[in-house]
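Tertiary structure, described
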Amino acid sequence: MHLAMSPTTPETATTYCPLDCPDSCSLTVQIEDGRLTKLDGDHRNPVTAGFICTKVRHYPEHVYGPHRLRQPALREGAKGQGNFRPVSWDEALGRIAERIGEARHRWGGEAILPFFYGGSNGLLTQGAADARLFRRLGSSRLARTVCAAPTTRIASAFYGRMPGVAYPDFAEAKLIVIWGQNPSASSIHLVPYVLEAQKRGARLVVVDPRRIPLATKADLHLALRPGTDVAVALALHRHLFTSGAADRAFLSTHAHGAEELERRASPWTFERAAEVSGVPAADLEQLARLYAESSPALVRCGWGPERNRNGGSAVAAILALPAVGGKFGVVGGGYTMSNSGAWNLDASAAVAAAEPATRLINMNHLGRTLLEEEDPPVGVLFVYNANPLATLPDQERVRRGLAREDLFTVVFDAVHTDTARYADVLLPATTFLEHEDLSRGYGSYVAQRSRPVIEPVGEARPNHAVFLELVHRLGLYRPGDVEDLDGFARAALERNGRAEEIAASFAARGLAETDPVRPVQMVNVFPRTSDGKIHLLPPELDREAPAGLYGYQSDPATEARPLALISPATSRTVSSTLGELDRRTIPLEMHPDDAAARGLTDGEVVRVWNELGEVRCLLKVSREVRPGVVFLPKGLWSHHTLNGLTSNALTPDTLTDVAGGACFNDARVEVGRG
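Residues numbered from 1 in each chain as written. Predicted model: local features only at pLDDT ≥ 70, side-chain atom pairs only at ≥ 80, totals over all residues. Heavy atoms only, no water.

Let's shift gears to the overall build of the protein chain. When helices and strands are tallied, the protein chain shows 22 helices and 27 strands. Against the compact-globule benchmark of 26 Å for 674 residues, the protein chain has a radius of gyration of 25 Å, which places it among compact chains. Oriented by its inertia axes, the alpha-carbon framework of the protein chain measures out at about 70 × 60 × 55 Å. Relative to its 674 residues, the protein chain shows a buried fraction of 61%. Across the protein chain, every contact between residues at least 6 apart in sequence was considered, and the portion connecting residues at least 24 apart equals 76%. Accessible surface, the protein chain: about 23,900 Å² in total, of which carbon and sulfur atoms supply 48%. (Helix = DSSP H or I, 4+ residues; strand = E, 2+ residues; numbered from the N terminus. Rg over C-alpha atoms; globule rule 2.2 N^0.38 Å. Buried < 20%, exposed > 50% of the residue type's maximum accessible area, 1.4 Å probe, protein only. Contact = heavy atoms within 4.5 Å. Areas by Shrake-Rupley, 256 points an atom, 1.4 Å probe, with all protein chains shown as cover.)

This is the structure:
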């Protein structure tokens, strides 16, 4: 690749942001002497409207900063010390191919575990050439469940991932319920539409343990205890059914399971839900009446409600509300969660290798998988598009697993992450500005095709090239394999049914939009289930949930561990991506009542502990969290606390009731002076 740039005149180019955010901003970048100097928004994506978040504005520091990996390296010394010596790509890939071959010969392909999650989130940098490599090796499969597993499972079973209300149509709503998401941190382009709806007279309700920015503007804020969303939602259902506000005619025609949902909601009076959730019964009743009486009314369901033992049931109860309340069929009515399913793209269409029937390893159990006696053991761990030491539950068990001297670990990343310190081989990856990709939004209804706008930094290489090289080195190439990125992109689009139209739009604008781009649920988009109906009690999910779907499992707090530790996203990182840029010591936030009860003051050093470990950090006394809840953000790196551990060191690796998701918000802790 050669990008011709003037040595003196700044150049501009267009691309998009594929980081793990619903909005999928289109971008303008400024380049001087071949070097990225500035990122800003542009207007090709009409939803993102030319403005971008602060974290992406700092992306040049990520591209050129001191943590950037610039050449392959091999470990020297003990794992975890972070000592490496530079080597050539040929030597690094040769070592990797050799160790993969040895593990496969000794134990079989299942001894190889690819570990990946989001990274750049493009369809060409994940699930394409990498899938070809690991499928043909017969490696263990990874259940990618650390986030969105329960929500995706529920949305698929209930509605077939029916597209949700588009951002612009939020402005048409008369009631908006933001439930378990903080748009000000993780989808900033939704906020103007919510504010516009308020200007037009809409009521706003926020359901969240924290007083997020939109909660300060809300008509009602339900600061519930973590893990009690299902109780609150079922109390709303009970009111809809008993008050006559349930749309029984709609349910009879378009849904299955409403009668059993009504039965399971019947014990959840406002008073019982108030006792469980810590929200006054009067506030629950106010929300129930607002929801019953408002149209259009919509629920923006986030990912916060899924991150506990009741996560699947909570999401089920929330997503069932518009069906029971009769909120579909009007512009601005219904629900929105993830809209990625609207595209129906198949990233693996050109892989030319079926997924093997090998063991499936839940990524939330990486620590125990690496440490317990497995048959076969994991002998090779290949980490890419992920930073498991910073993002997984039971952090110290993950660390002990990564420290195994007999485990051969590859870390393929753009920067030197916490996980990278435990690698045997480091491979420098390109960023989204340095490679081609194809990505679709899961909030805004756009897909975008990008080309590189700067040369790779140092010796960085794109995922696609590295995985194809390993396919060849390991003797897994087959004549006729698609290897060019355009071929992978064409194959991904073919399943959509609009492949030529989308490709033409990419060529003309760099992006394409869904059809329809402004869905109205039950008018121009419908459930994509097998029978076209809404399934409010899918039998397979009801059997899977320990207490049955819509069941409530009690709070895991104890007298010794009374505080709920939560770790939601903030405006500084995308999961753990960009965490190397923020060098501050991040404080634990605690309500003044809880601080006073423990004799703690703002700014002092505290220890946060439970049976899994201890985190030492500073304390911030704040009314932004409800009593009984403490907050240490998601995505922290070891340098953000005083002892190098984060909230995940205190998070159990227990699983959600549905889909095996992570229970980050089930951490129960105590706090004292450090």
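Structure shown, so let's carry the discussion forward.
With respect to the secondary-structure elements, Ala-460 resides in the loop between β19 (446-450) and α18 (463-473). On the basis of relative accessibility, which here comes to 6%, the residue Ala-460 falls in the buried class. A C-alpha to C-alpha distance of 5.9 Å links Ala-460 and Arg-70, two positions 390 residues apart in sequence. In this structure, Ala-460 is in contact with Arg-68, Arg-70, Pro-428, Ala-429 and Thr-430, ignoring residues within four places of it in sequence.

Under the criterion given, the structure shown has 3 cavities of 30 Å³ or more. Roughly 150 Å³ of volume is contained in the second largest cavity. Every residue lining the second largest cavity is counted, 17 residues in all, and those nearest its centre are Cys-17, Cys-21, Cys-25, Cys-53 and Val-56. Of all elements in the fold, only α1 (54-57) and α6 (183-186) reach the threshold of two or more residues within the lining of the second largest cavity. Partitioned by chemical class, the residues of the lining of the second largest cavity number 11 nonpolar, 4 polar and 2 charged. (1 Å grid on protein atoms, 1.4 Å probe; cavity = no way out; pocket = protein on both sides within 12 Å on 5 of 7 lines; lining within 4 Å. Points joined across faces, edges and corners; volume = space filled by probe spheres on them. Nonpolar A, V, L, I, M, F, W, Y, C, P; charged D, E, K, R; others polar.)

Here we take up the sheet that holds strand β18 (residues 437-440). Taken in spatial order, the 3 strands make up an open sheet running β18-β19-β20, and their pairing is antiparallel. A strand with exactly one partner marks an edge of an open sheet, and here the two such strands are β18 and β20 (511-513). Across the sheet, the axes of successive neighbouring strands diverge by a mean angle of 15 degrees, strand direction being ignored. Bridge analysis of β18 against β19 gives 4 bridges, and the strand direction is antiparallel. Looking at the pairing, Leu-438 lines up with Arg-449 of β19. The strands that helix α20 (residues 499-509) touches are β18, β19 and β20; relative to β20, the one it contacts most, it runs at about 135 degrees. (Pairing = 2+ DSSP bridges. Axes fitted to C-alpha atoms, helices over the stretch in contact; angles between N-to-C directions.)

Here α18 has its buried residues at Asn-463, His-464, Val-466, Phe-467, Leu-468, Leu-470 and Val-471. Where α18 is buried, its residues meet α3 (89-107), α4 (129-137), β15 (380-384), β16 (408-413), β17 (425-428) and α19 (485-494). One or two residues past the end of α18 sits Gly-475, with phi positive at roughly 70 degrees.

Turning to the pattern of salt bridges, a few remarks are in order. For the structure on display, the rule yields 47 salt bridges. Residues Asp-424 and Lys-79 are paired through a salt bridge, measuring 3.1 Å at the closest nitrogen-oxygen approach. Residue Asp-424 is located in the loop between β16 and β17, and its partner Lys-79 is located in the loop between β4 (73-75) and β5 (84-86); the two are separated by 345 residues in the primary sequence. On the basis of relative accessible area, Asp-424 is assigned to the buried category, the value being 11%. Among the ionic contacts, a cluster of salt bridges with common partners joins Arg-368, Glu-372, Asp-394, Arg-397 and Asp-653. (Salt bridge = Lys/Arg side-chain N within 4 Å of Asp/Glu carboxyl O.)

For the rest of this paragraph, the subject is unusual backbone geometry. A cis amide bond links Ser-295 to the next residue, Pro-296, at an omega of 0 degrees. One can find Pro-296 in the loop between α12 (281-293) and β12 (297-301). You will see that Asn-344, though not glycine, has its phi angle at about 55 degrees, which is positive. By relative accessible area, Asn-344 is classed as partly exposed at 33%. At Ala-352, a position not held by glycine, the phi torsion is positive, near 60 degrees. Relative to the assigned elements, Ala-352 resides in the loop between β13 (334-336) and β14 (360-362). For Ala-352, a relative accessible area of 45% puts it in the partly exposed group.

Looking at the second largest pocket, its volume works out to about 480 Å³. If you trace the second largest pocket, you find 26 residues lining it, with Arg-210, Thr-570, Ser-571, Glu-589 and Phe-631 closest to the centre. Looking at the lining of the second largest pocket residue by residue, the class counts come to 9 nonpolar, 8 polar and 9 charged.

Take the pairing of strand β2 (residues 26-32) next. Pairing analysis gives 6 bridges linking strand β1 (residues 11-16) to β2, with the strands arranged antiparallel. Bridge pairing links Tyr-16 to Ser-26 in β2. Sheet analysis places β2 next to strand β3 (residues 35-41), joined by 6 bridges and oriented antiparallel. By the bridge assignment, Val-29 is partnered in β3 with Leu-39. Between β2 and β3, which pair antiparallel in sequence order, lie 2 residues; one of them, Asp-33, sits at a positive phi of approximately 50 degrees.

This brings us to the side chain of Ser-187. Position of Ser-187 among the secondary structure elements: in the loop between α6 and α7 (191-199). Apart from the residues lying within four places of it in its own chain, the contact partners of Ser-187 are Cys-21, Pro-22, Asp-23, Tyr-167, Gln-181 and Asn-182.

Taken together, 6 strands build a closed barrel; the order of strands is β22-β26-β23-β25-β24-β27 and the barrel is mixed. Across this sheet, the average inter-strand angle for adjacent strands is 45 degrees, counted without regard to direction. The sheet contact formed by strand β23 (residues 588-590) and strand β25 (residues 613-621) spans 3 bridges and is parallel. Bridge pairing links Met-590 to Val-621 in β25.

Within the fold, Leu-645 resides in the loop between β26 (629-631) and β27 (667-673). Overall, Leu-645 belongs to the buried group, its relative accessible area being 12%. Through-space distance from the C-alpha of Leu-645 to that of Asn-610 is 13 Å; in sequence the pair is 35 residues apart. Beyond its immediate sequence surroundings of up to four residues, Leu-645 is in contact with Gln-395, Glu-396, Arg-399, Glu-614 and Val-615.

Interpretation note: all reported values are geometric properties and have no functional meaning in isolation.
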